[in-house]
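Spelled out, the chains give:
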Amino acid sequence: MAKSKIVYYCQSCGAESAKWMGQCPACKEWNTFVEEALPIKRAANSVPGQAHRVKVTKIKEIEAAVEERITTKIAELDRVLGGGVVPGSMILVGGDPGIGKSTLLLQVCRNLAEDNRKILYISGEESLQQIKIRAERIGKFGDSLSLLCETNLDIIDQIVRKDLPEIVVVDSIQTMYNENIASAPGSVSQVRESTGSLMMMAKGLGIAIFVIGHVTKEGVVAGPRVLEHMVDTVLYFEGDRHAAYRILRGVKNRFGSTNEIGVFEMYSGGLREVDNPSEFMLGGRPEGASGSVVACSIEGSRPILIEVQALVCHSNFGMPRRTAAGTDFNRVNLLMAVLEKRAGLKMGNCDAYVNIAGGIKMNEPAIDLGIVLALVSSYKNRAIDEHTICFGEVGLSGEVRAVHMAEQRVLEAKKLGFTSCVLPEASRAALHEINGIRLTGVRSIKDAIDIIV
Ligand code: TYD
Ligand code: MG
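Residues numbered from 1 in each chain as written. Chains lettered and ligands numbered in written order. Predicted model: local features only at pLDDT ≥ 70, side-chain atom pairs only at ≥ 80, totals over all residues. Heavy atoms only, no water.

Novice: A description of the overall build of the chain should follow, citing residues and the corresponding values.
Specialist: Summing up its helical and strand segments, the chain has twelve helices and 21 strands in all. In terms of principal-axis extent, the alpha carbons of the chain reach across some 80 × 55 × 55 Å. By residue count, 47% of the 453 residues in the chain fall in the buried class. Counting only carbon and sulfur atoms, one obtains 52% of the accessible surface of the chain, whose full area is about 22100 Å². Positive and negative side-chain charges in the chain, numbering 52 and 53 respectively, have mean positions lying 4 Å apart. (Helix = DSSP H or I, 4+ residues; strand = E, 2+ residues; numbered from the N terminus. Buried < 20%, exposed > 50% of the residue type's maximum accessible area, 1.4 Å probe, protein only. Areas by Shrake-Rupley, 256 points an atom, 1.4 Å probe, with all protein chains shown as cover. Lys, Arg positive; Asp, Glu negative; His and termini not counted. Charge placed at Lys NZ, Arg CZ, Asp CG, Glu CD.)

Novice: Could you give an account of the site of ligand 1, with specific residues and numbers?
Specialist: Close contacts around ligand 1 come from 15 residues, with Gly 98, Ser 102, Thr 103, Tyr 267 and Gly 270 the closest. Taking Lys 101, its main chain carries an N or O atom lying 2.8 Å from an oxygen atom of ligand 1. In this structure, an oxygen atom belonging to ligand 1 sits 2.6 Å away from a side-chain N or O atom of Ser 102. Protein contacts shield 75% of the accessible area of ligand 1, which totals 560 Å² for the unbound molecule. Listing elements by their share of the shell around ligand 1, those giving two or more residues are helix 2 (101-114), helix 3 (128-138) and strand 11 (261-267). Broken down by element, the shell around ligand 1 gets its largest block of residues, three residues, from helix 2. Of the residues contributing to the shell around ligand 1, the split by class is four nonpolar, seven polar and four charged. (Near = heavy atom within 4 Å. Polar contact = N/O pair within 3.5 Å; in protein donor to acceptor, adjacent residues only side chain to side chain. Nonpolar A, V, L, I, M, F, W, Y, C, P; charged D, E, K, R; others polar.)

Novice: Mind laying out unusual backbone geometry, listing which residues take part and the relevant values?
Specialist: Even without glycine at this site, Leu 164 takes up a positive phi of about 50 degrees. By the element assignment, Leu 164 lies in the loop between helix 4 (153-163) and strand 7 (167-171). In this model, Ser 172 sits at a positive phi of 75 degrees, which is unusual for a non-glycine residue. Position of Ser 172 relative to the elements: it lies in the loop between strand 7 and helix 5 (188-205).

Novice: How would you explain the sheet that holds strand 16 (residues 350-356) if you had to name every residue and give the values?
Specialist: Strand order in this open sheet of seven strands is 15-16-14-13-17-20-21, and the pairing throughout is mixed. With partners counted over all chains shown, the strands left at the sheet margins are strand 15 (322-325) and strand 21 (438-442), one partner each. Neighbouring strand axes in the sheet, compared pairwise and without regard to direction, differ in orientation by 25 degrees on average. Relative to strand 16, strand 14 (residues 302-314) is paired through seven bridges, and the arrangement is antiparallel. By the bridge assignment for strand 16, Cys 313 is matched with Asp 351. Sitting on the sheet, helix 12 (residues 445-452) is in contact with strand 17 (388-390), strand 20 (420-424) and strand 21, with an inclination near 140 degrees to strand 21. (Pairing = 2+ DSSP bridges. Axes fitted to C-alpha atoms, helices over the stretch in contact; angles between N-to-C directions. Contact = heavy atoms within 4.5 Å.)

Novice: Describe the nonpolar core, naming the residues involved and giving the relevant values.
Specialist: Core analysis: the largest hydrophobic core is formed by 46 residues, its most contacted members being Leu 339, Leu 369 and Leu 375. Mapped by element, the contributors of at least two residues to this core are strand 10 (245-253), strand 11, strand 13 (292-299), strand 14, helix 8 (329-342), strand 16, helix 9 (368-380) and helix 12. If one sorts the elements of this core by residue count, helix 9 sits on top with seven residues. In this structure Leu 375 touches Ala 310, Val 312, Met 336, Leu 339, Met 347, Ala 352 and Val 354, once residues within four positions along its chain are discounted. (Core = buried A, V, L, I, M, F, W, Y, C linked by side-chain atoms within 4.5 Å.)

Novice: Lay out the side chain of Asn 253 in plain terms, naming residues and giving numbers.
Specialist: By the element assignment, Asn 253 lies in strand 10. The class for Asn 253 is buried, based on a relative accessible area of 12%. For Asn 253, the side chain forms a polar contact with the main-chain oxygen of Leu 81, separated by 3.2 Å. In this structure the side chain of Asn 253 is engaged in a polar contact, spanning 3.3 Å, whose partner is the side chain of Thr 233. If sequence neighbours within four positions are ignored, Asn 253 has contacts with Val 80, Leu 81, Gly 82, Asp 232, Thr 233 and Thr 258.

Novice: Describe helix 3, with residues and values.
Specialist: Spacing of three or four residues puts side chains on the same side of an α-helix, whose turn is 3.6 residues. Within helix 3, the full set of buried residues consists of Ile 131, Ala 135 and Ile 138. One side of helix 3 carries all its buried residues, which in axial view fall inside an arc of 50 degrees. Residues of helix 3 that are exposed and angled more than 90 degrees away from the buried face: Gln 129, Ile 133, Glu 136 and Arg 137. Buried-residue contacts for helix 3 involve helix 2, strand 5 (119-123) and strand 6 (145-149). Among the residues trailing helix 3, Gly 139 stands out with phi positive, at a value near 145 degrees. (Arc of directions from axis to C-beta.)

Novice: An account of the pairing of strand 16 is requested, with residue identities and associated values reported.
Specialist: Taken across its seven residues, strand 16 has five buried, putting it largely inside the fold. Sheet topology note: the strand 15/strand 16 ladder contains four bridges and is parallel. In the strand pairing of strand 16, Arg 322 is matched with Ala 352. Traced from strand 15 through helix 8 to strand 16, the parallel crossover comes out left-handed. (Right-handed = clockwise from strand over helix to strand, strands pointing away.)

Novice: Describe in detail the sheet that holds strand 2 (residues 16-17), supporting the description with residues and values.
Specialist: With respect to topology, three strands assemble into an open sheet ordered 2-1-3, the strand pairing being antiparallel. Sheet topology places strand 2 and strand 3 (33-37) at the edges, where each strand pairs with a single neighbour. Where strand 1 (residues 6-10) meets strand 2, two bridges bridge the pair, whose relative direction is antiparallel. From the neighbouring strand, Tyr 8 faces strand 2, where its bridge partner is Ser 17. Running at roughly 85 degrees to strand 1, helix 5 makes contact with strand 1 and strand 3 of the sheet.

Novice: Now, about the pattern of salt bridges: what can you tell me, with residues and values included?
Specialist: Opposite charge on two side chains permits pairing when their charged atoms draw close. Scanning the model with the defined rule gives 19 salt bridges in all. The shortest N-O distance in the salt bridge between Asp 157 and Arg 161 comes to 2.9 Å. Separated by four residues within a single helix, Asp 157 and Arg 161 lie in helix 4, roughly one turn from each other. In this structure, the salt-bridge partner of Glu 265 is Arg 272, at a minimum N-O distance of 3.9 Å. You can call Glu 265 partly exposed: its relative accessible area is 21%. (Salt bridge = Lys/Arg side-chain N within 4 Å of Asp/Glu carboxyl O.)

Put into structure tokens, the structure is as follows:
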């Protein structure tokens with residue numbers, strides 16, 4: 001009899017090992033190795049002479065079919081998906097617990113059911129009654145939506161093959177299990193195997209499958225990274241659970257561009273789209289306060305204005321404290337070093353706290369100039385004119401470098417009533433005059449500081 005083999009999987013990154021280890025050599029997490037039985041291997045397909053039955057095709061001979069897209073009637077979601085749901089694709093929606101994943105997908109179900117598309121919502125987390133209670137808050141549902149409470153994938157597979165819905169929603173991949181695998185639901189091999197069989201269903205039957213995935217406290221989908229490699233599209237739902245708005249971010253997309261974001265607001269009747277995120281992000285901005293400046297970042301194809309806040313104060317201890325919320329901590333440290341060296345500001349013994357207001361995460365280099373000016377404004381305790389916005393990448397020599405899509409950024413600022421814009425000189429030279437907003441090109445952070453702080 002063949003000996004059943006035991007392997008250890010890292011529950012954080014999916015690394016495999018023959019023996020237990022305290023620390024994962026791949027992702028350096030501690031205590032993440034768990035013993036799991038190896039799934040039974042299918043016999044290798046090694047019959048000689050198999051290859052002559054398979055044909056390779058020239059790219060010219062392939063006819064590109066016009067891709068059909070199913071619209072979810074939620075414009076923000078459609079944009080993140082690249083224009084709608086592609087039949088036969090698998091979409092992973094990740095996010096913290098309670099962020100609104102189930103709510104969003106139930107709203108998608110409602111919209112699609114209005115078009116009489118056949119949908120199956122499979123929940124392994126909530127009972128039918130609980131789903132119904134949530135559904136009542138969201139609105140009226142059509143007849144073509146069916147619910148199923150099940151976690152056994154073999155049964156789900158049979159039901160899907162019999163019913164043939166157009167769209168399937170699987171509420172949390174971590175609750176699904178496969179009987180052939182000995183380990184518990186949510187473990188690496190279960191999640192991997194479940195994703196694999198759902199993928200076969202999607203591709204084989206042409207069904208679009210939405211899969212919800214929980215996120216660990218480090219911010220990655222619980223279970224293996226391989227999950228993200230297998231599916232076609234990965235969306236992350238992020239945002240502060242205490243604030244009302246939510247951001248849906250495309251992390252991977254085989255059928256569209258990534259980097260797109262969709263902005264939603266949670267209210268008593270579910271999620272509502274936010275059409276103008278800039279206005280939303282700038283709400284409640286202080287007037288005439290030092291250490292605050294508006295910067296512009298491009299998210300996907302859209303410019304979004306955000307308020308960068310900084311607080312710089314004298315440190316009472318030898319070790320200055322620095323924090324960055326909503327942006328890269330190392331980038332902030334680097335920019336402070338550039339300020340010290342190239343603009344001669346003595347920030348070495350100052351505490352500094354940088355925050356992107358509204359809790360949104362922004363890492364585009366174009367907000368560098370905003371961070372720099374907010375820091376200087378707070379350091380000098382001088383407020384920046386509140387009708388001014390700025391953007392530009394800052395280099396190590398203190399130069400302000402050109403960024404892409406300068407015109408869209410300026411137009412977005414103008415739309416929101418800003419009258420002055422500080423931008424890289426190279427970007428300004430490429431722009432023509434725009435009525436109603438004064439453009440000031442700067443070559444270095446020194447120029448920028450002289451002009452507006
Ligand atoms: P939920 O979709 O259950 O989150 P997830 O599936 O990501 O765990 O969202 C639950 C939260 O949303 C809960 O805290 C209540 C809130 N909520 C509203 O504010 N309004 C609503 O209409 C609904 C349905 C939920
Ligand atoms: Mg849920």
